[in-house]
Amino acid sequence: MATLTGRYAQVVKKGGPIEVVTREVPDPKPGEVRVRVQACGVCHSDSVTKEGMYPIAFPRAPGHEVVGLVDAIGAGVTQWKAGQRVGLGWYGGHCGKCEPCRRGDLVACQNLRIPGVSYDGGYADYVVAPEAALAAVPESLSGAEAGPLLCAGITTFNAIRNSGARPPDTVAILGMGGLGHLGVQFAAKMGFNTVAIARGADNADFAHKLGARHYIDSTKEDVAQALQKLGGAKTILATVTNADAMSAAIGGLGYRGRFVIVGVPGEALKVNVLPLIFARQTVAGWPSGTSIDSEDTLKFSALTGVKPLIETYPLDKAREAYDRMMSGKARFRVVMVMGA
Ligand SMILES: [Zn+2]
Ligand SMILES: [Zn+2]
């Protein structure tokens, strides 16, 4: 049989450039599935690979927002068949042995496997992943639309639905970038009294288009006060990476409110502790989720019409796509489309 080859947009060494090469595609080992990639989102967390922030065996193709068709299955795989459409997100397999795994919290696995970090990810024509890491992708979503839902989407969807808020509670989304513009849509479609918080008056129309009932311009208004005027938020989802912007919003929580953080600021937060005690408020973080959470995110999006706003690039322009994402100039999400 002829050897299967494919393009890999790989990082050659820690901090090195992304180079597109053609090399041999491995066969799936027992328990693994090989996927012909249709699209892969470009995420800020891909810098983990590019800058070698985790121990990585280079060369390595980044990419953990992968959508494609099952191409081949390894021995013992029962869940997937060739031709099925699947997605692969940040959760790329678990060890089954650490305490979080033994307690069923697979995404908190202390030996979590991550596509694009632990093994080659979706900046490629093919990806090989454990069968447990895959999610079914509804036909009605295009590959390019489904890609960002597997990271930015699942993170915001899962954080909101697990925050304890119930419709019609008030849910505020802090930030309207790659994560926030999806968070606003999810909260609105879930039936929450949805508040979008961003900088500048010109975002108001857009926030309402995404489904927000209220918009708070953080350059004009005191965010905490504005949220209190609405009765206080049951959940504030913090998608920004600015510690001051986060600290300024925490005071907008209501009774039993929960401040859920999915963006990573460079500095520490300032929190007024009294309401944490007397109004039973919580400040918490949220990781993304497992493959079944991805599947729920995709299903919900297909059912309700939630879509990421994207800019697309071909795989051969992986370096440009990555630079565009890192520049912060892409308003929402960058996605590579493989032309498969
Ligand atoms: Zn990501
Ligand atoms: Zn584990």
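Residues numbered from 1 in each chain as written. Chains lettered and ligands numbered in written order. Predicted model: local features only at pLDDT ≥ 70, side-chain atom pairs only at ≥ 80, totals over all residues. Heavy atoms only, no water.

Is there a simple way to explain the overall build of the chain in this structure?
Within the chain one finds ten helices and 15 strands. The C-alpha atoms of the chain give a radius of gyration of 20 Å, which matches the 20 Å a tight globule of 340 residues would have. Seen along its three principal axes, the alpha-carbon backbone of the chain occupies a region of about 70 × 40 × 35 Å. When the 340 residues of the chain are sorted by exposure, 55% land in the buried category. As presented, the chain carries roughly 15100 Å² of accessible surface, and 51% of it is formed by carbon and sulfur atoms. Side chains of the chain give 36 positive and 30 negative charges; the mean places of these two sets differ by 4 Å. (Helix = DSSP H or I, 4+ residues; strand = E, 2+ residues; numbered from the N terminus. Rg over C-alpha atoms; globule rule 2.2 N^0.38 Å. Buried < 20%, exposed > 50% of the residue type's maximum accessible area, 1.4 Å probe, protein only. Areas by Shrake-Rupley, 256 points an atom, 1.4 Å probe, with all protein chains shown as cover. Lys, Arg positive; Asp, Glu negative; His and termini not counted. Charge placed at Lys NZ, Arg CZ, Asp CG, Glu CD.)

Explain the coordination of the zinc ion (ligand 1) here, please?
In an ideal tetrahedron of four donors about a metal, each angle is 109.5 degrees. In an ideal octahedron of six donors, the angles are 90 or 180 degrees. Looking at the metal site, the zinc ion (ligand 1) is ligated by C43 (SG), H64 (NE2) and C151 (SG), spaced 2.0 to 2.2 Å from it. When the donors of the zinc ion (ligand 1) are listed by position in the chain, the intervening gaps give C-x20-H-x86-C. Separated by 21 residues along the polypeptide, C43 in the loop between β3 (32-42) and α1 (47-50) and H64 in the loop between α1 and β4 (66-73) bring together distant segments of the chain. As far as burial versus exposure is concerned, C43 and H64 are alike and both buried. (Donors = N, O, S within 2.8 Å, 3.2 Å for Na, K, Ca; no water.)

Sorry if this is basic, but what is going on with a nonpolar patch on the surface here?
A cluster of nonpolar side chains, contributed by V273, L274, I277 and F278, occupies part of the molecular surface with about 450 Å² of accessible area. Summarising the element assignment, L274 is placed in helix α8 (residues 274-278). We classify L274 as exposed; its relative accessible area is 53%. (Patch = residues over 30% accessible without salt bridge, like charges linked within 9 Å, V, L, I, M, F, W, Y side chains within 5 Å. Salt bridge = Lys/Arg side-chain N within 4 Å of Asp/Glu carboxyl O.)

Which parts of the structure should I look at to understand the pairing of strand β6 (residues 126-130)?
The two faces of the sheet receive side chains in turn, since in a regular strand these alternate between them. With respect to burial, β6 is a largely interior element, five of its five residues being buried. As paired strands, β3 and β6 are joined by five bridges and run antiparallel to one another. Across the sheet, V35 pairs through a bridge with V127, a residue of β6. (Pairing = 2+ DSSP bridges.)

Would you explain helix α10 (residues 318-327) in this entry?
For an α-helix, 3.6 residues make a turn, and residues three or four places apart therefore share a direction. All of the buried residues along α10 are A318, A321, Y322 and M325. The buried residues of α10 occupy an angular sector of 95° when projected down its axis, which confines them to one face. In this structure, the buried residues of α10 make contact with β1 (5-11), β2 (18-24), β3, α1, β14 (310-314) and β15 (333-337). Where α10 ends, the next residue or the one after it, G328, has phi of about 75°, a positive value. (Arc of directions from axis to C-beta. Contact = heavy atoms within 4.5 Å.)

Please explain the packing of helix α3 (residues 143-161) against helix α9 (residues 291-304) as it appears in this structure.
Angle between the axes and distance between the axes are the two parameters that describe a pair of packed helices. As a packed pair, α3 and α9 sit with axes 8 Å apart at the nearest point and diverge in direction by 95°. The angle between α3 and α9 falls in the class roughly perpendicular. Together, A146, L149, L150, G153, I154, F157, N158 and R161 of α3 and D293, S294, D296, T297, L298, F300 and S301 of α9 make up the contact between the two elements. For the contact of α3 with α9, the residue count by class is seven nonpolar, five polar and three charged. (Axes fitted to C-alpha atoms, helices over the stretch in contact; angles between N-to-C directions. Parallel < 35°, antiparallel > 145°, perpendicular 65-115°, else oblique. Nonpolar A, V, L, I, M, F, W, Y, C, P; charged D, E, K, R; others polar.)

What's the story with unusual backbone geometry in this structure? I'm lost.
Note on backbone geometry: most residues besides glycine have negative phi, and most peptide bonds are trans. The amide bond that connects F58 to the next residue, P59, takes the cis arrangement and shows omega of -5°. That bond from P167 to P168 is cis: its omega, 5°, falls within 30 degrees of zero. Considering the arrangement of structural elements, one finds P168 in the loop between α3 and β8 (170-174). Positioned with a positive phi, R256 is a non-glycine residue whose angle comes to about 55°. You can see R256 is positioned in strand β12 (residues 253-261).

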